[in-house]
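# Observations on chain architecture
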Amino acid sequence: MRSIVKLAAVGFVLAASATVTAQWPKYTAPGVPVGPDGKIDANAPTPRTADGKPDLSGVWEITRDPSAPPPAAGRGRGGGGGSPFGNIGNNTQGGAPYQPWAADLVKKRMADNSKDNPDAHCLPMGIAQLNAHLYPRKIIQTPKEVLLIYEASGTTIREVFLDGRPLPKNDDVEPWYNGYSVGRWDGDTLVIETGGFMDDGWLDVRGSPLTSAGKITERFRRPKFGTLELEETIDDPKAYTQSFTAKVFYRFSPDTQLIEFVCQDKDAQHYIGGPGTAK
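Conventions and cut-offs
- Residues numbered from 1 in each chain as written.
- Predicted model: local features only at pLDDT ≥ 70, side-chain atom pairs only at ≥ 80, totals over all residues.
- Heavy atoms only, no water.
- Patch = residues over 30% accessible without salt bridge, like charges linked within 9 Å, V, L, I, M, F, W, Y side chains within 5 Å.
- Areas by Shrake-Rupley, 256 points an atom, 1.4 Å probe, with all protein chains shown as cover.
- Salt bridge = Lys/Arg side-chain N within 4 Å of Asp/Glu carboxyl O.
- Helix = DSSP H or I, 4+ residues; strand = E, 2+ residues; numbered from the N terminus.
- Buried < 20%, exposed > 50% of the residue type's maximum accessible area, 1.4 Å probe, protein only.
- Pairing = 2+ DSSP bridges.
- Axes fitted to C-alpha atoms, helices over the stretch in contact; angles between N-to-C directions.
- Expected span 1.5 Å × (residues − 1).
- Arc of directions from axis to C-beta.
- Contact = heavy atoms within 4.5 Å.
- Disulfide = S-S within 2.5 Å.
- Polar contact = N/O pair within 3.5 Å; in protein donor to acceptor, adjacent residues only side chain to side chain.
- pLDDT = per-residue confidence, 0-100.
- Phe/Tyr/Trp six-rings, centres within 6.5 Å; stacked < 30°, edge-to-face > 60°.
- Lys NZ or Arg CZ within 6 Å of the ring centre and 35° of its normal.
- Core = buried A, V, L, I, M, F, W, Y, C linked by side-chain atoms within 4.5 Å.

### Overview of a nonpolar patch on the surface
- A grouping of Leu123, Tyr177 and Met198 is seen on the molecular surface, where their side chains present a nonpolar patch of about 240 Å² in accessible area.
- As for its placement among the helices and strands, Tyr177 is situated in the loop between β5 (156–161) and β6 (180–186).
- Tyr177 sits in the partly exposed class, given a relative accessible area of 38%.

### Focus on the sheet that holds strand β3 (residues 137–141)
- In spatial order, the strands read β2-β3-β4-β5-β6-β7-β10-β11-β12; together these 9 strands close into a barrel with mixed pairing. Strand-to-strand, the axes of this sheet are offset by a mean angle of 30°, without reference to chain direction.
- Across 2 bridges, the pairing between β5 and β6 is parallel. Within the sheet, the bridge partner assigned to Val160 lies in β6 and is Ser181.

### A short note on the pairing of β3
- Of the two faces of β3, only the one carrying Arg137, Ile139 and Gln141 is buried; Lys138 and Ile140 on the other face are not.
- When strand β2 (residues 58–63) meets β3, the two strands line up antiparallel, connected through 3 bridges. When the bridges of β3 are listed, Val59 appears paired with Lys138.
- With 5 bridges connecting them, β3 and strand β4 (residues 145–150) associate as antiparallel partners. Its bridge partner lying in β4, Ile139 is registered against Leu148.
- Joining the antiparallel neighbours β3 and β4 is a turn of 3 residues.

### A closer look at helix α1 (residues 100–111)
- Given a rise of 1.5 Å per residue, 12 residues ought to cover 16 Å, and the 17 Å separating the end C-alpha atoms of α1 matches this to within 8%.
- All of the buried residues along α1 are Ala102, Val106 and Arg109. Along α1, the residues classed as buried sweep out an arc of 65° about the axis, all on the same side. Those residues of α1 that are exposed and aimed more than 90 degrees away from the buried face are Pro100, Lys107, Lys108 and Ala111.
- Packed against the buried residues of α1 are β8 (201–202) and β9 (209–210).

### Points about the state of the cysteines
- A complete count under the given rule lists 1 disulfide for this structure.
- The disulfide partner of Cys122 is Cys263, and the gap between their sulfur atoms is 1.9 Å. Disulfide Cys122 to Cys263: torsion about the S-S bond roughly -75°, handedness left-handed. Here the residue Cys122 occupies a position in the loop between α1 and α2 (127–132), and Cys263 occupies one in strand β13 (residues 261–264), the gap between them amounting to 141 residues.

### A word on the environment of Asn178
- Relative to the assigned elements, Asn178 resides in the loop between β5 and β6.
- Between the C-alpha atoms of Asn178 and Met198, which are 20 residues apart in sequence, the distance is 8.0 Å.
- Beyond its immediate sequence surroundings of up to four residues, Asn178 is in contact with Pro124, Gly126, Ile127, Leu130, Thr156, Thr194 and Phe197.
- Here the side chain of Asn178 touches Ile127 through a polar contact of 3.5 Å, landing on its backbone nitrogen.

### Some remarks on the confidence of the model for the chain
- For the chain, the average pLDDT comes to 86, and 82% of its residues sit at 70 or higher.
- Here residues 3–20 is modelled with pLDDT under 50, and outside its nearest four sequence neighbours on either side it reaches 43 contacts, counting other chains as well.
- Within the model, pLDDT remains below 50 along residues 73–80, and this stretch shows 21 contacts once partners closer than five positions in the same chain are excluded.

### A look at the packing of aromatic side chains
- With the rule as written, the count across this model stands at 6 aromatic pairs.
- Taken together, Trp60, Phe225 and Phe252 form an aromatic cluster joined through their ring pairs.
- Lying across the ring of Phe225, Arg222 places its NZ or CZ 4.7 Å from the centre.
- Over the ring of Phe252 we find Arg222; its NZ or CZ atom is 5.2 Å from the centre of that ring.

### What about the nonpolar core?
- Grouped together as the largest cluster of nonpolar side chains are 27 residues, with contacts concentrated most on Ile139, Val146, Leu148, Leu190, Phe220, Leu228 and Tyr250.
- If you list the elements that add at least two residues to this core, you get α2, β4, β7 (189–195), β11 (227–235) and β12 (244–252).
- Ignoring any residue separated from it by four or fewer positions in sequence, one finds Leu148 in contact with Lys138, Ile139, Thr156, Ile157, Arg158, Val160, Ile192 and Phe220.
- Core analysis: the second largest hydrophobic core is formed by 16 residues, Val106, Ile127, Phe197 and Leu203 among them.

Okay, structure coming up:
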């Protein structure tokens, strides 16, 4: 069991002990393609389900864009590169296109060391942070539904319905941290649309906001056996002057399973900037 007591808002994603042994010993299921060296053949053809769709099932871990050059000095602050986990605008030239009030809010949250990030208080951290988190996620795919299980944030489970139901209108449903998701196939791309969010969501560690007017569109592609690509488009006119897109890349993890994750919010008064710390 992975158990984390949140003592600080910045760096908490690295606070989990790397020495904790996973409950499941490493095991590679039959059918995983391997090369002459006995290792996984990541370049093997994309597996497909009985209905001909790309099979996205499996455990996926975050990685860098395999086609990108090494990051240059100064990148990672909204200049067109880097992970969107810390900054959702890292794939957007000039950074996320904040409305003035949102830009001011992000500056304040960064000055406060992101102490109000939901993840620092054992609350759901939101889709964008989950998608880019260091901890792995698992996809279970069926013809009518896709489940995304994230080890981070208390083993969050998202249901994505592929049965043709429309995305509900915000006024018709109670808002949720991770919203309501429906999906469809566009060729070999799984397109997921999510709305119905709670106000004051966080898209990244720095505190880029997501409001109840927001919508996130995810496009998942598996171009080869060992690679999964995600483009997620943020459309929230309350917080941003225009829609923008973040990119995330994953590698297939054939011999691992998710481990139990329990978040224990025991010591909130000692968070950085909290009432128990020096000003």
